[in-house]
Amino acid sequence: MTLPTRVQAHKLSPNASLCVPGFNLIGADSPAVEAMTDFTRVNAVTITTEDPVSEANTRMISRGVRLLMVLDGQEQLAGLITARDILGEKPLQIARSRSCRHDELTVGDLMTPIATIDTLYLGEILNARVADVLGALKSLGRQHILIEDTDPATSQPRVRGLFSATHIGRLLGVPVLGFDLPRTFAEIEAALAE
């Protein structure tokens, strides 16, 4: 393979430094879409309803996410599962109520079904700011919210992407960890105010 004549390889300069991304890549008034995880650009991380809860946790850790899209046996969207669903009290309560062991629970046992998931419409968020999305997350008491649009090929609704408080925090340079939502939102709001 030959490179085009206009492109030429060079030796790296001896005084070259590593480019480090800056903080505050977004602000309160930045367009909300700048903080959206867009599934037309990034693959959604999925799991099936029949997978064990331990597999969901492993997949979240290995992919660096805190939410998985859950598919049923026909590869249709059935719901979602978050790190909070897996690591919180929910698995213990369900296992106790069913008189089973924690390791017998499946993703389908803990997921949030599609019928109960809140979304924002892409058309509405195209004119929204990051602060508006954060306000929606805060008012719902959620760490994530899905974005819905219409598939141009089928004219059917589809999940286009999502907003994550953790991702917004990363873009702001604010470490956002754990399940303490009031503290998480306070940290992000403080960074937005700077």
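The residue numbers shown here count from 1 along each chain, following its written sequence. Thresholds applied to this predicted model are a pLDDT of at least 70 for local features of residues and 80 or more for the giving and counting of side-chain atom pairs; totals over whole chains, interfaces and linings are not thresholded and use all residues. Each side-chain value is derived from all of the structure's non-hydrogen atoms; neither hydrogens nor water enter the calculation.

## Quick notes on the overall build of the protein chain
To keep things clear, this is the line we draw: Only runs of H or I of at least four residues qualify as helices and only runs of E of at least two qualify as strands under DSSP, and these elements are numbered from the N terminus. Relative accessibility thresholds used throughout: buried, under 20% of the residue-type maximum; exposed, over 50%; partly exposed, between the two (1.4 Å probe, protein chains only). Residues are treated as being in contact if the distance between any of their heavy atoms lies within 4.5 Å. Per-residue accessibility takes into account occlusion by the displayed protein chains alone, with areas from the Shrake-Rupley method and a 1.4 Å probe.
What the protein chain contains, in helices and strands, is eight helices and eight strands. Split into buried and exposed, the 194 residues of the protein chain put 36% on the buried side. For the protein chain, the proportion of contacts with a sequence separation of at least 24, taken over those separated by at least 6, is 58%. As displayed, the protein chain offers around 12,100 Å² of accessible surface, 53% of which is attributable to carbon and sulfur atoms.

## What to know about the pattern of salt bridges
Once their charged atoms are close, side chains differing in charge can pair, the charge on each being opposite to the other. Condition: By convention in these notes, a salt bridge is any Lys or Arg side-chain nitrogen within 4 Å of a carboxyl oxygen on Asp or Glu.
Scanning the model with the defined rule gives 12 salt bridges in all. Linking Arg-98 and Asp-109 is a salt bridge whose minimum nitrogen-to-oxygen distance equals 2.7 Å. Note that Arg-98 is positioned in helix H3 (residues 90–98) and Asp-109 in helix H4 (residues 107–110), a separation of 11 residues in sequence. Judged by its relative accessible area of 46%, Arg-98 falls in the partly exposed class.

## Overview of unusual backbone geometry
Positive phi, normally seen in glycine, also occurs at Ser-99, with a value near 55°. Looking at the secondary structure, you find Ser-99 in the loop between H3 and H4. Overall, the relative accessible area of 69% leaves Ser-99 in the exposed class. Backbone geometry places Ser-155, a non-glycine residue, at a positive phi of 60°.

## Focus: the pairing of strand S3 (residues 67–71)
The cut-off we apply is this: A clockwise course of the path from the first strand over the helix to the second, judged with the strands pointing away from the viewer, identifies a crossover as right-handed. Pairs of strands are assigned from DSSP output, requiring at least two bridges between the strands.
Across the five residues that make up S3, a large majority, five, are buried. Where burial is concerned, the two faces of S3 agree: the one with Leu-67, Met-69 and Leu-71 and the one with Leu-68 and Val-70 are both buried. In terms of handedness, the path from strand S2 (residues 46–48) via helix H1 (residues 53–63) over to S3 forms a crossover that is right-handed. With five bridges connecting them, S3 and strand S4 (residues 77–82) associate as antiparallel partners. Pairing of Leu-71 across the sheet is with Leu-77, part of S4. The antiparallel pairing of S3 with S4 creates a hairpin that spans five residues between the two strands, and Glu-75 there sits at a positive phi of about 65°.

## A look at the nonpolar core
Where we set the bar: Note on terminology: a nonpolar core comprises buried Ala, Val, Leu, Ile, Met, Phe, Trp, Tyr and Cys residues joined through side-chain atoms within 4.5 Å.
Membership of the largest hydrophobic core comes to 21 residues, with the highest contact counts inside it found for Ile-26, Ala-35, Ile-125, Ile-147, Phe-163 and Ile-168. When contributions to this core are tallied by element, the ones reaching two or more residues are helix H5 (122–125), helix H6 (130–140), strand S7 (144–150) and helix H7 (165–172). Counting 17 residues, the second-largest nonpolar core is a separate cluster that includes Met-60, Val-70, Val-107 and Met-111.

## Points about the sheet that holds strand S8 (residues 157–164)
Note the threshold: Comment: axis = line fitted to C-alpha atoms, over the contacting stretch for helices; angle = value between 0 and 180 degrees taken between N-to-C directions.
The sheet built from four strands is open, its strands ordered S1-S8-S7-S6 with mixed pairing. The sheet terminates laterally at strand S1 (37–38) and strand S6 (119–121), the two strands that pair on one side only. With three bridges connecting them, S6 and S7 associate as parallel partners. Opposite Tyr-121, over in S7, you have Glu-148 as the bridge partner. Most of the contacts of H7 go to S8, to which it runs at about 50°, and overall it touches S1 and S8.

## As for H3
Worth spelling out the cut-off: Our arc is simply the arc of the directions from the helix axis toward the C-beta atoms.
When we look at burial in H3, the residues that qualify are Pro-91, Ile-94 and Ala-95. The arc that holds every buried residue of H3, seen down its axis, measures 100°, which confines them to one face. Exposed residues on H3 whose side chains face more than 90 degrees from its buried face are Arg-96 and Ser-97. The elements touched by buried residues of H3 are helix H2 (83–87) and H4. Note on H3: the residue one or two positions beyond its end, Ser-99, has a positive phi of about 55°.

## A few points about the side chain of Asp-38
Using the following cut-off: Each polar contact in these results corresponds to two N or O atoms within 3.5 Å; when the atoms are within protein, one needs to be able to donate a hydrogen and the other to accept it, and residues that are neighboring in sequence are counted only if both atoms are side-chain atoms.
In this structure, Asp-38 sits in strand S1. Asp-38 gets classed as buried once you look at its relative accessible area, which sits at 11%. For Asp-38, the side chain forms a polar contact with the side chain of Arg-160, separated by 2.8 Å. For Asp-38, the contacting residues outside a window of four places in its chain are Arg-160 and Gly-161.

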